[in-house]
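Read off the chains here:
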Amino acid sequence: MPVVPDAGSLTSSRKSALARTLHLSTSPSPSHLSTLPLPITPTPTPTPNRTHRPTAPDTMAMIIFQLYAVATLIVGYLITIGYSEPYTDWYSLGAHGLPLNVVGYGVDKFLQKIQVDKRDVSVFAPGSEKAEHWAKRTAPGGSISYLSAASLKPRDHAEVLPYVVPQLEVEGNEDIVPVLRSYVEDMADRDDRFTIKPSNLESGDIGSVWLKRKHKWQMVGEFAHVHQDGSSHFILSVPDAREVLEKGWGERHGMAGRMTPLTYMFVYAPRDEEELKEWKKIAKASAAFITAE
């Protein structure tokens, strides 16, 4: 501390100077300021991190929106298909085994992706596991050739439309349809084990031959029918299915061995009287196989 003179001996100016000196010497220096306590700011209490969970109305609104979006896409896709040329070509073929609308067309497009190789003869070759299994399942007729005594005359394979349903030729022979249908109807009339009923596999307008008491391996009792282009479907024995395929008289159905019997065969339309004779051999072979006991 500085020595302070007696206040009585000081002049007024000296008193003022002394007062300033005393004030400076007793005031805290800047270095002292750092040691002063700082004001304490209270730390805020952290808010718990709560994840937002949608309420029931929020969830329902989200589901409705998603369903609406999906429905919009589907409708748009179906409208696009409905105005496409491939769909109109398929639609123009008329009623058959699928709904005659864009849904049926969509089903056929899917079936085309999973269909079998319709001209693969190896599936009927001796030693084929599928053929042997099918022959046993359809015994006793499954392994018998009903065409062996009347071997088919070879012909060229016909050009077939790309669809699985309906399975039709590009050209065909519509003029011979009445003759073929009359033949299968007469075949049913001559055998009381058969009956003529609307097709369950094609359009209901097509009359087909049914076995009155179907086999366990049959989806339905139907085993033969004629299409509007002169082609036909028959269920045959394994050897006869191979004969039809090898001689160029037909091919397998696209779903043969999957949704239809393994030997469900698509037979081409006869183009003249000579080929009509060959076609009748196939029809008789189918009837013999289906009634084998």
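Because the structure is predicted, anything quoted here is derived from the model rather than measured. (Residues numbered from 1 in each chain as written. Predicted model: local features only at pLDDT ≥ 70, side-chain atom pairs only at ≥ 80, totals over all residues. Heavy atoms only, no water.)

Caption draft 1: Just the overall build of the protein, in detail. Secondary structure summary: the protein contains nine helices and six strands in total. Scored against the burial criterion, the 293 residues of the protein give a buried share of 39%. Taking as baseline every contact in the protein between residues at least 6 positions apart, the subset at least 24 positions apart corresponds to 65%. A total of about 17,800 Å² of accessible surface is found on the protein, and carbon and sulfur atoms cover 58% of it. (Helix = DSSP H or I, 4+ residues; strand = E, 2+ residues; numbered from the N terminus. Buried < 20%, exposed > 50% of the residue type's maximum accessible area, 1.4 Å probe, protein only. Contact = heavy atoms within 4.5 Å. Areas by Shrake-Rupley, 256 points an atom, 1.4 Å probe, with all protein chains shown as cover.)

Caption draft 2: Here's a closer look at the pairing of strand S3 (residues 222-226). For S3, the tally of buried residues reaches five of five residues, placing the bulk of the element in the interior. Across three bridges, the pairing between strand S2 (residues 207-211) and S3 is antiparallel. The residue bridging Trp210 from the neighbouring strand is Glu222, located in S3. Relative to strand S4 (residues 232-235), S3 is paired through three bridges, and the arrangement is antiparallel. Across the sheet, the residue bridging to His225 is His233, located in S4. Once S3 ends, the chain turns through five residues before running back antiparallel as S4, passing Gly230 with a positive phi of about 95°. (Pairing = 2+ DSSP bridges.)

Caption draft 3: Focus on the sheet that holds S4. Taken in spatial order, the six strands line up as S1-S2-S3-S4-S6-S5 in an open sheet, and their pairing is antiparallel. Looking at which strands have only one partner, the edges of the open sheet turn out to be strand S1 (194-198) and strand S5 (250-252). On average, each strand axis in the sheet is tilted by 30° relative to the strand beside it, whichever way the strands run. Docked against the sheet, helix H7 (residues 177-190) engages S1, S2 and S3, running at close to 135° with respect to S1. (Axes fitted to C-alpha atoms, helices over the stretch in contact; angles between N-to-C directions.)

Caption draft 4: Expanded view of helix H6 (residues 129-137). Those residues of H6 lying buried are Ala131, Trp134 and Ala135. Angularly, the buried residues of H6 cover 100° about the axis, an arc narrow enough to put them on a single face. Summarising the geometry of H6, the exposed residues directed more than 90 degrees from the buried face are Glu129, His133 and Lys136. Buried residues along H6 sit against helix H8 (238-246). (Arc of directions from axis to C-beta.)

Caption draft 5: Structural detail: the nonpolar core. In this structure, Phe124, Phe194, Val209, Phe234, Val244, Trp279 and Ile282 are the most contacted members of the largest nonpolar core, which totals 40 residues. Elements supplying a minimum of two residues to this core: H6, H7, S2, S3, S4, H8, strand S6 (264-267) and helix H9 (273-290). No other element matches H9, which puts eight residues into this core. In this view, Trp279 contacts Leu180, Tyr183, Val184, Val226, Ser232, Phe234, Trp249, Val267, Tyr268 and Pro270; residues no more than four positions away in its chain are not counted. One finds Tyr105, Tyr163, Val165 and Leu168 within the second-largest nonpolar core, a separate group that totals twelve residues. (Core = buried A, V, L, I, M, F, W, Y, C linked by side-chain atoms within 4.5 Å.)

Caption draft 6: Broad picture of the pattern of salt bridges. Inspection of the entire model under this criterion finds eight salt bridges. A salt bridge links Arg271 to Glu275; the nearest nitrogen and oxygen atoms lie 2.6 Å apart. Assessed through its relative accessible area of 49%, Arg271 is described here as partly exposed. The salt bridge involving Lys281 is made with Glu278; its shortest N-O contact spans 3.1 Å. With Lys281 and Glu278 both in helix H9 and three residues apart, this pair spans about one turn of that helix. Here the residues in one salt-bridge network are Lys153, Glu274 and Lys277, joined through shared partners. (Salt bridge = Lys/Arg side-chain N within 4 Å of Asp/Glu carboxyl O.)

Caption draft 7: Inspection of helix H5 (residues 102-114) at higher detail. Taking 1.5 Å per residue, 13 residues should reach 18 Å; H5 reaches 19 Å between its end C-alpha atoms and fits that length. Of all the positions in H5, only Val102, Gly104, Tyr105, Asp108 and Leu111 are classed as buried. For H5, the N-terminal capping position is held by Asn101, with its side-chain oxygen 3.0 Å away from the main-chain nitrogen of Val103. (Expected span 1.5 Å × (residues − 1). Polar contact = N/O pair within 3.5 Å; in protein donor to acceptor, adjacent residues only side chain to side chain.)

Caption draft 8: The arrangement of a nonpolar patch on the surface in detail. A contiguous nonpolar patch, built from Met60, Ile63, Ile64 and Leu67 and spanning about 400 Å² of accessible area, is present on the exposed surface. For Leu67, the location among the structural elements is in helix H3 (residues 56-82). Taking relative accessible area as the criterion, Leu67 reaches 58% and is therefore assigned exposed. (Patch = residues over 30% accessible without salt bridge, like charges linked within 9 Å, V, L, I, M, F, W, Y side chains within 5 Å.)

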